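Here are the chains, one letter per residue:
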Amino acid sequence: MEKQPFSSRAEFESLLHTCFSRARLTLELFDPDFGWWQLGSSEMDALLRQFLHGQGRLRLVAHSNARLERDAPRFLRLLQDYSHLIECRLTIPALRQLTDSFVIADGRDIVRRFHADHLRGEAAFDAPAETQISAERFIAVWNDTNPGLHANIAGL
């Protein structure tokens, strides 16, 4: 499938919902703080619960968890309910200059913002070749992270 460019919050959210709803096995997310992702919304909560109920695995990497802890109580409850299927990690200081943002679903779908401060980006579905570079980067970044949010953090 060809790339789908986007440049608005509505387009980004719509493509994220499509990507999350198509995932069956893995969701790998990278963003400096997940501020634009609406992970605490009721819609995202429902999508992620459905994914995790099917035994999907969710892995997140961020530079900071502060926004999730402050703005996403539903996500924190999700983490508590599915702690065996969710892993949140924090980058080491040497990686804090990374400014892109992406989600990869099942190694075949991707929604990618070119810079985390802007909503411009692209999505591709049923396109494993389009996910390859970001997937390799995710693994490299994941290998240089420290534990992040846990179910027992933030009073859970």
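This is a predicted model, so every value here is computed, not measured.

(A) Layout of the environment of Pro73. Relative to the elements of secondary structure, Pro73 occurs in helix α4 (residues 73–81). Among the residues examined, Pro73 registers a relative accessible area of 46% and is labelled partly exposed. The spacing of Pro73 and Gly107 is 34 residues in sequence and 28 Å in space, taken between C-alpha atoms.

(B) Molecular detail of unusual backbone geometry. The backbone of Gln38 shows a phi angle near 60°, a positive value even though the residue is not glycine. Mapped onto the secondary structure, Gln38 falls in the loop between β2 (26–30) and α2 (42–53). Within the chain, Asp106 stands out as a residue other than glycine whose phi angle is a positive 55°. Structurally, Asp106 can be placed in the loop between β5 (101–105) and β6 (109–113).

(C) Seen up close, the nonpolar core. Ranked by size, the top nonpolar core spans 37 residues in total, and within it Phe20 and Phe75 carry the most contacts. Secondary structure elements with two or more residues in this core: α1 (9–22), β2, α2, β3 (57–62), α4, β4 (86–91) and β5. Setting aside chain neighbours within four positions, we find Phe75 in contact with Leu39, Gly40, Leu48, Leu58, Leu60, Leu68, Cys88 and Leu149. Within the second largest apolar cluster, 13 residues are counted, among which are Phe30, Ile104, Ile110 and Trp142.

(D) Inspection of α2 at higher detail. An ideal rise of 1.5 Å per residue puts 16 Å on 12 residues; α2 measures up with 16 Å between its terminal C-alpha atoms. Where α2 is concerned, the buried positions are Met44, Asp45, Leu47, Leu48, Phe51 and Leu52. One face of α2 carries all of its buried residues, which in axial projection span an arc of 165°. Exposed residues on α2 whose side chains face more than 90 degrees from its buried face are Glu43, Gln50 and His53. Of the residues trailing α2, Gln55 is marked for its positive phi of about 75°.

(E) Local environment of the packing of α2 against α4. Contact geometry of α2 with α4 gives a least axis separation of 10 Å together with a crossing angle of 15°. Regarding the angle of α2 to α4, the classification is roughly parallel. In this structure, α2 meets α4 at a crossing whose hand is right-handed. Residues Ser42, Asp45, Leu48, Arg49 and Leu52 of α2 lie in contact with α4, whose contacting residues are Arg74, Phe75, Arg77, Leu78 and Asp81. Counted by class, the contact of α2 with α4 contains 4 nonpolar, 1 polar and 5 charged residues.

The rules behind these values
Residues numbered from 1 in each chain as written. Predicted model: local features only at pLDDT ≥ 70, side-chain atom pairs only at ≥ 80, totals over all residues. Heavy atoms only, no water. Helix = DSSP H or I, 4+ residues; strand = E, 2+ residues; numbered from the N terminus. Buried < 20%, exposed > 50% of the residue type's maximum accessible area, 1.4 Å probe, protein only. Core = buried A, V, L, I, M, F, W, Y, C linked by side-chain atoms within 4.5 Å. Contact = heavy atoms within 4.5 Å. Expected span 1.5 Å × (residues − 1). Arc of directions from axis to C-beta. Axes fitted to C-alpha atoms, helices over the stretch in contact; angles between N-to-C directions. Parallel < 35°, antiparallel > 145°, perpendicular 65-115°, else oblique. Left-handed = near helix turned anticlockwise from the far one by under 90°. Nonpolar A, V, L, I, M, F, W, Y, C, P; charged D, E, K, R; others polar.

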